[in-house]
Amino acid sequence: MGHADRSRELAGLLQLLHRARDAVSAEQLGFIIVNESQQLLPYRQAAVWREGLHRHVAALSGLAELDPTAPYMQWLSRVFRHLAEPGAPDAEQTSRLIVADDLPAALAEEWASWLPAHALWLRLGEQGACLLARELPWSDYERKLAEELAHGYGHALLRFAPRRDWRELARQWLRPGRKQRRLLIAALLLACMPIRLSVLARGEVAPQDPVLLRAPLSGVIDRIQVQPNQRVKAGDALFDLDATSLAGQFAMAARERDAAQESFRASAQLAVTDDKGKLAMAQDRAKLEEKSIAAEYTGLELQRLHVTAPNAGVVVFSDRNDWQGKAVTVGERVMTLADPAHVELAAWLPAAEAIDVAPGGKITLYPNASPTESYDAEIIRVAYKAEAVEGGLLAYRLQARFVGGDKPRLGQMGTARVYGDWVPLIYYALRRPLTAARQWLGW
């Protein structure tokens, strides 16, 4: 082939690509592919196949309108589907030389009725394919020239490609093939991968075996002697109750005791000379003992109004101004005496996200004030009944002891991750949606 022939072929190729780019519709582009490509490549019949949600024969050479029910159209559609199967030999190639023997027997029997002996199958990108058929075999040069032309046609066809919706994408991914099978196996392995089930809960560093300091009597708190989180020693003053009423009762009881003492003394002197005075002395003695016991009891109650620390530690309570002047009842907790060196973790597991936890399970605290630190703990107690917590939510109280050398500061709060059993990844991902679906559907 001479230089002039190559120049004409190159000019013809450029002209066809220019015509393809100028096409205003997919139908016009299909007409150019099946009819005008004959200016560059000699063939007798041509057809265009479109991929997508509705796979179909889009254009035939020599025909302006297509009848999908025609026998030729139906046979040609089956041929294109067979050639486009992902598992078919050489399915990923840009072009393929096709003869009747390359097709299944059911399709090969009708080849001579519809197409010449030799066909060239060309891929038009992801949008479809083109089939050119003639009596003579295709040369390697013609095949390369056709591949270049098909590449340009495929690029031009992208302009008219419909937007992919979820149905088309799902169909493409679910279409059987080697790649899909590998992805399915990988997805199954990933779904079965074991992962530790865990939930988040509100956590707080609480004292271990704290001493509860309660109001010894009903009354009004007169004065708080310490500050919140202050260290104290054994015997240090903590708080006092108002002694006005009890001090008056003690003064009255003391005066009554003194009066009974004087009456008993007079009766004792009279009993020395008068036998009748002995009976009066016995009565005054009983009255003196009664008044003495009352005065002594009132004095002891007055001393109890002054509360001191039973041992060393840190006092934990809210603002002292919230307590001074507040009326309390006997036994009401005012503050807690804790040892900062002996702390534990208290966590509240939401009832809506409860998992199977038991003593010995693992829990990790992530303090709010220390985002780079974490503390591991071991669950020692789990409440069997949920209780209302802050925010009106129901939660199970968990208590855990810290493991390791470092321990967080008393009163520190954060988020606790409670760990459960090992479960498949798909269960971990679908646990909450399935729970919500059961609650909504009433399974």
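Computed from a prediction, not measured in an experiment: that's the story for all the values here. All chains use their own residue numbering, which begins from 1 and follows the written sequence. At least 70 in pLDDT is required for a residue's local features to be given in this predicted model, at least 80 for side-chain atom pairs to be given and counted, and no such filter applies to totals for whole chains, interfaces and linings, which use all residues. The side-chain quantities take in all heavy atoms of the structure and omit both hydrogens and water.

*Asks:* Even after reading the chapter, I still don't get a nonpolar patch on the surface, so can you show me in this structure?
*Replies:* Patches here are clusters of residues that have more than 30% relative accessible area and form no salt bridge, with a 9 Å joining cutoff for like charges and a 5 Å cutoff for nonpolar side chains (Val, Leu, Ile, Met, Phe, Trp, Tyr). Here the open area of atoms and residues is found with the Shrake-Rupley method and a 1.4 Å probe, where only the protein chains shown may cover a residue. Any carboxyl oxygen of Asp or Glu within 4 Å of a side-chain nitrogen of Lys or Arg constitutes a salt bridge here. Among the surface-exposed residues, I426, Y427, L430 and L434 lie close enough to one another that they form a single nonpolar patch of about 360 Å² accessible area. Elements are defined by DSSP. Helices are runs of H or I of four residues or more, strands are runs of E of two residues or more, and each kind is numbered from the N terminus. In this fold, Y427 is placed in helix α11 (residues 425–441). Given the relative accessible area of 39%, Y427 is considered partly exposed. For the exposure calls, accessible area comes from a 1.4 Å probe over protein chains only, and a residue counts as buried if that area is under 20% of its type's maximum, exposed if over 50%, partly exposed in between.

*Asks:* Would you mind going over the pairing of strand β20 (residues 413–424) with me for this structure?
*Replies:* Regular strands place side chains that alternate from one sheet face to the opposite one. Where strand β6 (residues 194–207) meets β20, 10 bridges bridge the pair, whose relative direction is antiparallel. Within the sheet, the bridge partner assigned to S198 lies in β20 and is Y419. For two strands to count as paired, DSSP must find a minimum of two bridges between them. Where strand β16 (residues 362–367) meets β20, five bridges bridge the pair, whose relative direction is antiparallel. Pairing of P367 across the sheet is with G414, part of β20.

*Asks:* Please clarify how the layout of surface pockets should be interpreted in this entry.
*Replies:* In this analysis the probe radius is 1.4 Å and the grid spacing 1 Å, with only protein atoms considered; a cavity is a set of points the probe fits into but cannot get out of, a pocket is an open set with protein on both sides within 12 Å along at least five of seven lines, and lining residues have an atom within 4 Å of a point. Grid points are joined across faces, edges and corners, and a volume is the space filled by probe spheres set on the points. Estimated volume of the second largest pocket: approximately 390 Å³. Taken together, 19 residues line the second largest pocket, and the ones lying closest to its centre are E204, P207, V316, R333 and T336. Going through the elements one at a time, β6, β14 (333–338) and β15 (343–350) are the ones with two or more residues in the lining of the second largest pocket. Side-chain classes follow a simple rule in which Ala, Val, Leu, Ile, Met, Phe, Trp, Tyr, Cys and Pro form the nonpolar group, Asp, Glu, Lys and Arg form the charged group, and the remainder, Gly included, forms the polar group. Classifying every residue of the lining of the second largest pocket by side-chain character gives 13 nonpolar, three polar and three charged.

*Asks:* Any chance you could explain unusual backbone geometry here in plain terms?
*Replies:* Negative phi is the rule for most residues except glycine; trans is the rule for most peptide bonds. A positive phi angle, near 55°, is found at D209, a position not held by glycine. Examined against the element boundaries, D209 turns out to sit in the loop between β6 and β7 (211–214). Although it is not a glycine, N229 adopts a positive phi angle of roughly 65°. Along the chain, N229 turns up in the loop between β8 (219–224) and β9 (231–232). Exposure remark for N229: the relative accessible area of 55% places this residue in the exposed category.

*Asks:* Any chance you could explain the sheet that holds strand β2 (residues 56–60) here in plain terms?
*Replies:* Backbone-to-backbone hydrogen bonds pair the strands of a sheet. The strands run either parallel or antiparallel. Strand order in the open sheet made by the five strands is β2-β1-β5-β4-β3, with antiparallel pairing throughout. Looking along the sheet, the strands with just one partner apiece sit at the ends: β2 and β3 (95–98). Neighbour-to-neighbour, the strand axes of this sheet turn through a mean angle of 20°, independent of strand direction. The sheet contact formed by strand β1 (residues 45–50) and β2 spans four bridges and is antiparallel. Bridging from a neighbouring strand, V48 pairs with A59 of β2. When checking whether two residues touch, look at their non-hydrogen atoms; a contact exists if any pair is within 4.5 Å. Angles here are taken between N-to-C directions and fall from 0 to 180 degrees, while the axes themselves are lines fitted to C-alpha atoms, restricted in helices to the stretch in contact. Most of the contacts of helix α3 (residues 71–83) go to β2, to which it runs at about 115°, and overall it touches β1, β2, β3, β4 (118–123) and β5 (128–134). Where helix α6 (residues 140–157) meets the sheet, its contacts fall on β1, β3, β4 and β5, and the angle it forms with β4 comes to roughly 40°.

*Asks:* Explanation requested: empty space enclosed by the protein in the structure shown.
*Replies:* Taking a probe equal in size to a water molecule and rolling it over the atoms shows the remaining empty space. Per the counting criterion, the structure on display carries one cavity of 30 Å³ or more. There is about 40 Å³ of room inside the largest cavity. The wall of the largest cavity is formed by I33, S37, L122, C130, L132, A146, L149, A150 and Y153. Among the elements of the structure, β5 and α6 are those that each provide at least two residues to the lining of the largest cavity. With four residues, the single largest contributor to the lining of the largest cavity is α6.

Interpretation note: all reported values are geometric properties and have no functional meaning in isolation.
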